[in-house]
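# Report on the structure
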Amino acid sequence: MSRVATPRSTMRLDGHVHVWAPPSMADKYPHAGQLMGAPGAEPPIGATVEQLVEQMDAAGVQGALIVQPGCHKYDHSYVSHALERYPGRLVGCLLADPSPGAGGVQAISELAKAGYRAVRFNPYLWPDGEKMTNSEGRAMYKLAGELGLPVGHMPFKGLLNHIQEIETLLQDYPQTKCIIDHYGFCNAKMGEDFERLLSLATFPQVYVKIAAHFRVSNEEFPYVDLRTEIRRIVDAFGAHRVMYGTDYPWVMDECGYINAWSVLEEGDKLTGNSLLTDEEKQSLYSGTLTALLPGAWQ
């Protein structure tokens, strides 16, 4: 695999990746949950930390934020193994446990002490009929802010299904930084959900991930139909509140990891226009994350 040389001035940090243990290590790192869209508990593709780092090396990516995957659910031992193996390069985002009486608040506290720097709220893990604004959600969201851990929201089935809950949490706990994953899962057609996403820019604690382009584009790489969406997000939030990510390993079945890091540049070539300034790109590629999680990457 060829390696892409990336000077320090164009540092790359991947704001959204997943890793999980191979089936051969299931005894030590059991697959306790299920990935969104996967047929069963066992992941349909491989995503070991070694495979991730190989792709990062080839693409000239210096660091990444690993989001705890659904297939390991609340057992963070494999991601912790990955962080210990590559200290200063890989940083962890834990998965919040909203199960009643399961100790989700305590788990956040313990994992924060272990070095995790962010929290993921997956609304589909809440009990049927419950919302992220219930007592468990509020307690975890409040603690995350007190510990300096931003909370990432995963509105996989549509932002409009969860926007009111997110707005309530933003209003009630303004000290907690908030990240909206994957364009808010708003399609490139930019409907009502996209306008609601942009409205969140009025909350200074909200950030957006420009990640997993393939999930919201109606085209193939380099996803030119997303350019207007990207520009409007950057204009609304400011580049300093927007971060870039690939959604590894799912991107491997789409454009591939290396190509995922050339979406903006290839789009510029095809259209003959520079979508973002060099300064804006630098914010997306690393500046936003290093400011949001100071000292995370060494």
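Residues numbered from 1 in each chain as written. Predicted model: local features only at pLDDT ≥ 70, side-chain atom pairs only at ≥ 80, totals over all residues. Heavy atoms only, no water.

Let us now look at the overall build of the protein chain. Check the secondary structure of the protein chain and you find 10 helices and eight strands. On C-alpha atoms alone, the protein chain measures out to a radius of gyration of 18 Å, which is about the 19 Å that the 2.2 N^0.38 rule sets for 298 residues. Oriented by its inertia axes, the alpha-carbon framework of the protein chain measures out at about 55 × 45 × 35 Å. The long-range share in the protein chain, meaning contacts at least 24 apart out of those at least 6 apart in sequence, stands at 82%. For the protein chain, the computed accessible surface area is about 12,100 Å², with 49% contributed by carbon and sulfur atoms. Side chains of the protein chain give 25 positive and 35 negative charges; the mean places of these two sets differ by 4 Å. (Helix = DSSP H or I, 4+ residues; strand = E, 2+ residues; numbered from the N terminus. Rg over C-alpha atoms; globule rule 2.2 N^0.38 Å. Contact = heavy atoms within 4.5 Å. Areas by Shrake-Rupley, 256 points an atom, 1.4 Å probe, with all protein chains shown as cover. Lys, Arg positive; Asp, Glu negative; His and termini not counted. Charge placed at Lys NZ, Arg CZ, Asp CG, Glu CD.)

Scanning the model with the defined rule gives 11 aromatic pairs in all. When the ring of Phe221 is compared with that of Tyr223, the centres are 6.2 Å apart and the planes differ by 85 degrees; the resulting orientation is edge-to-face. Assessed through its relative accessible area of 5%, Tyr223 is described here as buried. Among the aromatic residues, those joined into a cluster by ring pairs are Phe121, Trp126, Tyr141 and Tyr173. The side chain of Arg12 reaches across the aromatic face of Tyr285, ending 6.0 Å from its centre. The ring of Tyr124 is capped by Lys157, whose NZ or CZ atom sits 4.9 Å from the centre of that ring. (Phe/Tyr/Trp six-rings, centres within 6.5 Å; stacked < 30°, edge-to-face > 60°. Buried < 20%, exposed > 50% of the residue type's maximum accessible area, 1.4 Å probe, protein only. Lys NZ or Arg CZ within 6 Å of the ring centre and 35° of its normal.)

Another aspect to go through is the pattern of salt bridges. Scanning all chains against the criterion turns up 15 salt bridges. Put simply, Arg227, Glu265, Asp268 and Lys281 are held in one network by salt bridges that share partners. (Salt bridge = Lys/Arg side-chain N within 4 Å of Asp/Glu carboxyl O.)

With that out of the way, let us pick up the confidence of the model for the protein chain. It should be kept in mind that the predicted coordinates are not to be read in detail where pLDDT is low. For the protein chain, mean pLDDT is 93; residues scoring 70 or higher make up 94% of the total. The low-confidence segment residues 2-8 (pLDDT under 50) makes 14 contacts with residues lying over four places distant or belonging to another chain. (pLDDT = per-residue confidence, 0-100.)

Within a beta sheet, neighbouring strands are joined by backbone hydrogen bonds and run either parallel or antiparallel to one another. Read across the open sheet, the eight strands follow the order S1-S2-S3-S4-S5-S6-S7-S8; overall the sheet is parallel. The open sheet has two edge strands with one neighbour each: strand S1 (13-17) and strand S8 (242-245). Across the sheet, the mean angle from the axis of one strand to that of its neighbour is 25 degrees, orientation sign disregarded. Two strands pair when backbone bridges link them, and strand S3 (residues 90-95) and strand S4 (residues 118-121) are joined in this way by three bridges, in the parallel orientation. Looking across to S4, one finds that Leu94 is bridged to Val119. Packed onto the sheet, helix H4 (residues 135-147) meets S4, strand S5 (151-153) and strand S6 (178-180) and runs at close to 155 degrees relative to S4. Across the sheet, helix H7 (residues 227-237) touches strand S7 (206-211) and S8, and the angle it forms with S7 is around 160 degrees. (Pairing = 2+ DSSP bridges. Axes fitted to C-alpha atoms, helices over the stretch in contact; angles between N-to-C directions.)

For Ala201, the position within the fold is in the loop between helix H6 (192-199) and S7. Accessibility expressed as a relative area gives 15% for Ala201, which makes it buried. Expressed as a C-alpha distance, the spacing of Ala201 and Tyr124, which sit 77 residues apart in the sequence, is 24 Å. Once residues within four sequence positions are removed from consideration, Ala201 is found in contact with Ala236, Phe237 and Arg241.

Take unusual backbone geometry next. Cis geometry marks the peptide bond from Phe221 to Pro222, where omega comes out at 10 degrees. Turning to its location among the elements, Pro222 is positioned in the loop between S7 and H7. With omega at 5 degrees, the peptide bond leading from Tyr248 into Pro249 counts as cis. Not every positive phi belongs to a glycine, and Lys73 is a case in point at roughly 45 degrees. Residue placement: Lys73 occurs in the loop between strand S2 (63-67) and helix H2 (77-85). The phi torsion at Ala212 lies on the positive side, around 55 degrees, for a residue other than glycine. Its relative accessible area of 0% is what places Ala212 among the buried residues.

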